[in-house]
Amino acid sequence: MAIPTPVKLALCVVGIFGCFSYFAVLQEDLFKKEYAGKKFKSTFFMMVAERALNGLVGLIFMMILGTSGLKIPINQIFVSGGTQMFAMALS
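Conventions used here
Residues numbered from 1 in each chain as written. Predicted model: local features only at pLDDT ≥ 70, side-chain atom pairs only at ≥ 80, totals over all residues. Heavy atoms only, no water. Helix = DSSP H or I, 4+ residues; strand = E, 2+ residues; numbered from the N terminus. Rg over C-alpha atoms; globule rule 2.2 N^0.38 Å. Phe/Tyr/Trp six-rings, centres within 6.5 Å; stacked < 30°, edge-to-face > 60°. Buried < 20%, exposed > 50% of the residue type's maximum accessible area, 1.4 Å probe, protein only. Salt bridge = Lys/Arg side-chain N within 4 Å of Asp/Glu carboxyl O. Axes fitted to C-alpha atoms, helices over the stretch in contact; angles between N-to-C directions. Parallel < 35°, antiparallel > 145°, perpendicular 65-115°, else oblique. Left-handed = near helix turned anticlockwise from the far one by under 90°. Contact = heavy atoms within 4.5 Å. Nonpolar A, V, L, I, M, F, W, Y, C, P; charged D, E, K, R; others polar.

Caption draft 1: Up close: the overall build of the protein chain. Each helix and strand counted, the protein chain has three helices and two strands in total. Of the regular secondary structure in the protein chain, the N- to C-terminal order runs α-β-β-α-α. Relative to the 2.2 N^0.38 estimate, which gives 12 Å for 91 residues, the radius of gyration of the protein chain is 17 Å and therefore markedly larger than a compact globule would have. Along the first, second and third principal axes, the C-alpha set of the protein chain runs to 55 × 35 × 25 Å.

Here you go:
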C-alpha cells in the first residue's frame, strides 16, 4: 500500500519541525548549565560543528539512497550558508 503524497509531506514537515524543536531544547540546555563552574560560551564552535554534522549526515544519506537527479546550485547554497553562519557569528 502506497502512502499518499500529502501524508508523506505532512510526515516530513512534522519530522523536520520536531527535530529542530528538540535540537533547540538541547542547545538551550547546553548554554544554560555550568560545566566545572563555567558556562559554555563557544557559540561559533557550536555552529560550525552543527553545520559539519548536518553535511555529514546529508552525505551519508546521499551515498545510501542516491541523489535526486536534480541539478543543484551548490556554489550559491555554499555562499548563502556561509554568509548566514558568519552573520550569526558576528552578531
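Caption draft 2: Here's a closer look at the packing of aromatic side chains. For the coordinates displayed, the defined rule picks out one aromatic pair. A ring pair is formed by Phe 31 and Phe 40, whose centres lie 5.4 Å apart and whose planes are at 50 degrees; its orientation type is tilted. We classify Phe 40 as partly exposed; its relative accessible area is 23%.

Caption draft 3: Seen up close, the pattern of salt bridges. Inspection of the entire model under this criterion finds two salt bridges. Put simply, Lys 32 and Glu 28 hold a salt bridge, and the shortest N to O gap is 3.0 Å. Of this pair, Lys 32 and Glu 28 both sit in helix H1 (residues 5-32), four residues apart, roughly one helical turn. Judged by its relative accessible area of 42%, Glu 28 is partly exposed.

Caption draft 4: Layout of the environment of Val 25. Within the secondary structure, Val 25 sits in helix H1. For Val 25, a relative accessible area of 46% translates into the label partly exposed.

Caption draft 5: Summary view of the packing of H1 against helix H2 (residues 43-65). Packing of H1 against H2 leaves a shortest axis separation of 12 Å and a crossing angle of 150 degrees. Viewed along their axes, H1 and H2 adopt a mutual orientation that is roughly antiparallel. Between H1 and H2 lies a crossing of right-handed hand. For the pair H1 and H2, the contacting residues are Phe 23, Gln 27, Leu 30 and Phe 31 in the first and Thr 43, Met 46 and Glu 50 in the second. Among the residues forming the contact of H1 with H2, the class breakdown is four nonpolar, two polar and one charged.

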